[in-house]
Amino acid sequence: MRTSWGSATDRGRVRALNEDSLLAYPPVFLVADGMGGHEAGDIASRLAVEEFSQLLGHGTATVEDVHACFHRTAERLAETVGGGRVAGTTVAGVVVAELDGGAYWLVFNIGDSRVYRLAAGELEQISVDHSVVQDLVDAGDLSPAEAAVHPERHVITRAVGGGLPPEPDYWLIPAGPTDRLLICSDGLTSELTDAVLRSILLEREDPQQAAHELVRAALSAGGKDNVSAVVVDVARAQRTADVESTADAGHVRTAAPDADGATTWDDAVDGDTVPRPTGPAGTRTPEVLA
Ligand code: MN
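**Focus: the sheet that holds strand 11 (residues 227-234)**
Move 1: Here 5 strands make up an open sheet; going across it, the order is 1-11-10-6-7 and the pairing antiparallel. The open sheet has two free edges, formed respectively by strand 1 (3-10) and strand 7 (122-125), since each of these has just one partner strand. Across the sheet, the axes of successive neighbouring strands diverge by a mean angle of 15°, strand direction being ignored.
Move 2: Contacting strand 1, strand 10 (180-184) and strand 11, helix 7 (residues 207-220) runs over the sheet at an angle of about 25° to strand 1.

What follows is the structure, given as structure tokens:
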């Protein structure tokens, strides 16, 4: 599957540094939002990009490949940022994957950067935030509207760094011939509603123009945080051909890396979205969206 893409990032109108980093080149597209201050966050997000860059030039990547990148990022971060300093980074993104000859998006996430898919004109958030407010929404104690203005809305519950092994979530989605993916840091989604994201993604056909316009709109809305956007399309020349290769993609599997990085494959019900488990944080299993 061929992709076309665009990306944009900006320090914003308030922050002194841009601690976001991004990577956009097949088969990997991601955003990392570093935290820690005093350049530690900048280092953390750049280390993630450096490690995931090892996937560049491969036609596809597997969940084991991605999992290894997360672990190498955490290891290098522990070596690089010592002396009692705390540094970490979110990482959200997608790699192009192949399963039984079909093209898939392997979506991954730690933290509150996000992956969305625009398909058939509808925008759907694929990743699930690791945040205090997401936990409250999951528990039924907070509405999504209340979450958007909650004082703890920027507090995340998982990150790469901080001395703990990384715990990414994964989703494996059959790639549709007209899919457009948006990967972004919270500096975008804290300024713009999903309705605004959708309208910009629908209006701007060129992925670079779309990414640029998304960031510009976030700056106009306040730009209180660093803001980054990556837009990935299935390349148009490929779209007709890919209808055939993905039309029979109903047989979906979940990929669940176990503790030592090996993968177990479990057949899911054809075409069904697997509900997210509601156990305590850290026990979520990968889900499949079809
Ligand atoms: Mn941010």
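This is not the end of the story, as more comes after the structure.
**Thoughts on the pairing of strand 4 (residues 88-99)**
Move 1: Buried residues dominate strand 4, accounting for 11 of its 12 residues.
Move 2: Alignment of strand 3 (residues 28-35) against strand 4, held across 8 bridges, turns out to be antiparallel. Opposite Val-31, over in strand 4, you have Ala-92 as the bridge partner.
Move 3: When strand 4 meets strand 8 (residues 160-161), the two strands line up antiparallel, connected through 2 bridges. Considered in strand 8, the bridge of Thr-89 is made with Val-160.
Move 4: In this sheet, strand 5 (residues 102-110) lies alongside strand 4 in antiparallel orientation, the contact comprising 9 bridges. What sits directly across from Val-96, in strand 5, is Trp-105.
Move 5: Once strand 4 ends, the chain turns through 2 residues before running back antiparallel as strand 5, passing Asp-100 with a positive phi of about 50°.

**Considerations on the coordination of the manganese ion**
Move 1: Surrounding the manganese ion are the protein donor atoms Asp-33 (OD), Asp-186 (OD) and Asp-225 (OD), which sit 2.1 to 2.2 Å from the metal.
Move 2: Written as a sequence motif, the donor arrangement for the manganese ion is D-x152-D-x38-D. In this pair, Asp-33 sits in strand 3 while Asp-186 sits in helix 5 (residues 186-189), placing the two residues 153 residues apart along the sequence.
Move 3: Its relative accessible area of 9% is what places Asp-33 among the buried residues.
Move 4: Look at Asp-186 and you get buried, because its relative accessible area is 9%.

**Topic: helix 7**
Move 1: Over its 14 residues, helix 7 extends 20 Å from the first C-alpha to the last, a length consistent with the 20 Å expected when each residue adds 1.5 Å.
Move 2: Within the sequence span of helix 7, burial applies to Pro-207, Ala-210, Ala-211, Glu-213, Leu-214, Val-215, Ala-217, Ala-218 and Leu-219.
Move 3: Residues of helix 7 that are buried sit in contact with strand 1, strand 10, helix 5, helix 6 (194-203) and strand 11.
Move 4: Measuring from the backbone nitrogen of Gln-208 back to the side-chain oxygen at the start of helix 7 gives 3.1 Å, which picks out Asp-206 as the cap.

What counts as what
- Residues numbered from 1 in each chain as written.
- Predicted model: local features only at pLDDT ≥ 70, side-chain atom pairs only at ≥ 80, totals over all residues.
- Heavy atoms only, no water.
- Pairing = 2+ DSSP bridges.
- Helix = DSSP H or I, 4+ residues; strand = E, 2+ residues; numbered from the N terminus.
- Axes fitted to C-alpha atoms, helices over the stretch in contact; angles between N-to-C directions.
- Contact = heavy atoms within 4.5 Å.
- Buried < 20%, exposed > 50% of the residue type's maximum accessible area, 1.4 Å probe, protein only.
- Donors = N, O, S within 2.8 Å, 3.2 Å for Na, K, Ca; no water.
- Expected span 1.5 Å × (residues − 1).
- Polar contact = N/O pair within 3.5 Å; in protein donor to acceptor, adjacent residues only side chain to side chain.

All we've got here are geometric facts, nothing functional implied.
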